Amino acid sequence: MKGHERLMTIKTTGLRTVGKVLLWVLVIFLLFRGVVSILDNKSQGDLTKIIDDYKYAAEQREAARSGAAAFAENFIYEYYSFDGRSNSDYADRISRYLADTLNIPKPMGGGAATEVLSAKTVKINILESDDKMDVDVSVKVRYSAVNVSEGAISDKDINIRVPVAYKDGKYAVDAMPLFIPAEDAADIARATEYSGTGVSQKEEKEIKQILESFFKTYYEGSDQEVTYYLSDQSEIDHGLNGVVIFSGVKRISAYYLEGSDEYDEYLVNAVVSVADNGQAIDQEMYLYLTKTESKYYINEITTRIK
């Protein structure tokens, strides 16, 4: 009898345990279905709206930045152009860029005319409120004497910070522009140089010869002529089409890369000299080459090692 009671107790306890497990499984299942149902309906829609709103706000901020940069650059062309005499039209030229009540006095004629050759935004600092920005503009200015016979032309680079306010899709200079020093370069080490296994002297000579021909074509030839030197994998579509003149290869360092059974691969660090209106300019680059059937082909030209 006691054994029977004990067996009944064990069975009852076991059933209760199983029942509890099933109950918790059911509760978890219902909660999960409820969460999924919420996400599938209202919450998912709300989440999509939040993402869309954030994307729209980001696009609007980027549009405002681009617009402020263009506005500041256009302003600089008028702000820093002087006739060297009375500058009688100065106020009219810049007034359409200025916020209400802001007045920038016209400069007194100093005997030297100035012409803005270029104005390029180099930095935009958005202030605490999204509707005000400081736009830093790098300006190239040309100076010339009012009397042509008195002096030669000279150029100078200056940097000007333009305070720009934004409202309803429009812009205005809302404070006085300020001369600022040029930006220093970031404290960053030079891009990594390659230090793999160098090719044989014979191969280096062959590679240099093919690069001499390739660069002559790449800088001065037609796009169709350039394709002769490119591999099937190359994404190079165009050459320079005579923008500058190729002078020669100054040095190369060629290295083996892991290749396949079908072809060999190389990485070449090349320094070449080009000329722009007689001015010699060095260009340094990395070229990825493949070799098939004793011929070298260019895969890619990069500024850094991949």
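Read on for an overview of the structure. Here the structure is a predicted model, which means the values were calculated and not measured.

### Some remarks on the side chain of T114
By secondary structure assignment, the location of T114 is in strand β1 (residues 112-126). At 3.0 Å, the side chain of T114 and the backbone nitrogen of F82 are in polar contact. With residues up to four places along the chain from it excluded, the contact list for T114 reads Y80, S81, F82, V141, R142 and Y143.

### Focus on unusual backbone geometry
In the Ramachandran plot, T101 falls in the positive-phi region, its phi being about 70° despite a non-glycine side chain. Within the element layout of this structure, T101 appears in the loop between α2 (90-95) and β1. Judged by relative accessible area, T101 falls into the exposed class, the value being 83%. Unlike most non-glycine residues, N241 shows phi in positive territory, near 55°. Along the chain, N241 falls in the loop between α4 (223-226) and β6 (245-257).

### A closer look at the packing of aromatic side chains
Taken as a whole, this structure holds 20 aromatic pairs when the rule is applied. Pairing F75 with Y79 gives two aromatic rings, centres 5.2 Å apart and planes at 20°, and the pair type is stacked. Of the two residues, F75 and Y79 both sit in helix α1 (residues 2-79), four residues apart, roughly one turn of that helix. For Y79, a relative accessible area of 12% puts it in the buried group. Measuring from centroid to centroid gives 5.8 Å for F82 and Y90, while their planes differ by 50°, and the two rings are tilted. Judged by its relative accessible area of 18%, F82 is buried. By relative accessible area, which is 2% here, Y90 ends up buried. Through successive ring pairs, a cluster of aromatic residues spans F71, F75, Y79, Y80, F82, Y90, Y97, Y166, Y171 and F179. The ring centre of Y228 lies 3.7 Å from the NZ or CZ of K295, which sits over that ring.

### What about the side chain of D134?
If you trace the backbone, D134 turns up in strand β2 (residues 132-145). Of the side chains bearing the opposite charge, R161 lies closest to the buried D134, which forms no salt bridge; the N-O distance is 4.6 Å. Contact partners of D134, with chain neighbours within four places excluded, come to K123, I124, N125, L127, R161, V162 and P163.

### Here's the deal with the nonpolar core
Membership of the largest hydrophobic core comes to 31 residues, with the highest contact counts inside it found for F75, I76, Y80 and V162. When residues of this core are assigned to their parent elements, the largest contribution, eight residues, is made by α1. Apart from the residues within four sequence positions on either side, V162 is in contact with A72, F75, I76, M133, D134, V135, V137 and V173. Membership of the second largest hydrophobic core comes to 27 residues, among which are Y219, Y229, M285 and L289.

### Some remarks on the pattern of salt bridges
This structure, assessed with the given rule, holds 15 salt bridges. Across the pair R93 and E78 runs a salt bridge whose closest N-O atoms are separated by 3.0 Å. Of the two residues, R93 is situated in helix α2 and E78 in helix α1; the sequence distance between them amounts to 15 residues. A salt bridge links E300 to K306; the nearest nitrogen and oxygen atoms lie 3.0 Å apart. Judged by relative accessible area, E300 falls into the partly exposed class, the value being 27%. You can call K306 exposed: its relative accessible area is 68%. Overlapping salt bridges, with partners in common, bring together R190, E193, R251 and E284 in one network.

Definitions and cut-offs
Residues numbered from 1 in each chain as written. Predicted model: local features only at pLDDT ≥ 70, side-chain atom pairs only at ≥ 80, totals over all residues. Heavy atoms only, no water. Helix = DSSP H or I, 4+ residues; strand = E, 2+ residues; numbered from the N terminus. Polar contact = N/O pair within 3.5 Å; in protein donor to acceptor, adjacent residues only side chain to side chain. Contact = heavy atoms within 4.5 Å. Buried < 20%, exposed > 50% of the residue type's maximum accessible area, 1.4 Å probe, protein only. Phe/Tyr/Trp six-rings, centres within 6.5 Å; stacked < 30°, edge-to-face > 60°. Lys NZ or Arg CZ within 6 Å of the ring centre and 35° of its normal. Lys, Arg positive; Asp, Glu negative; His and termini not counted. Salt bridge = Lys/Arg side-chain N within 4 Å of Asp/Glu carboxyl O. Core = buried A, V, L, I, M, F, W, Y, C linked by side-chain atoms within 4.5 Å.

By themselves, these figures tell us nothing about what the structure is for.
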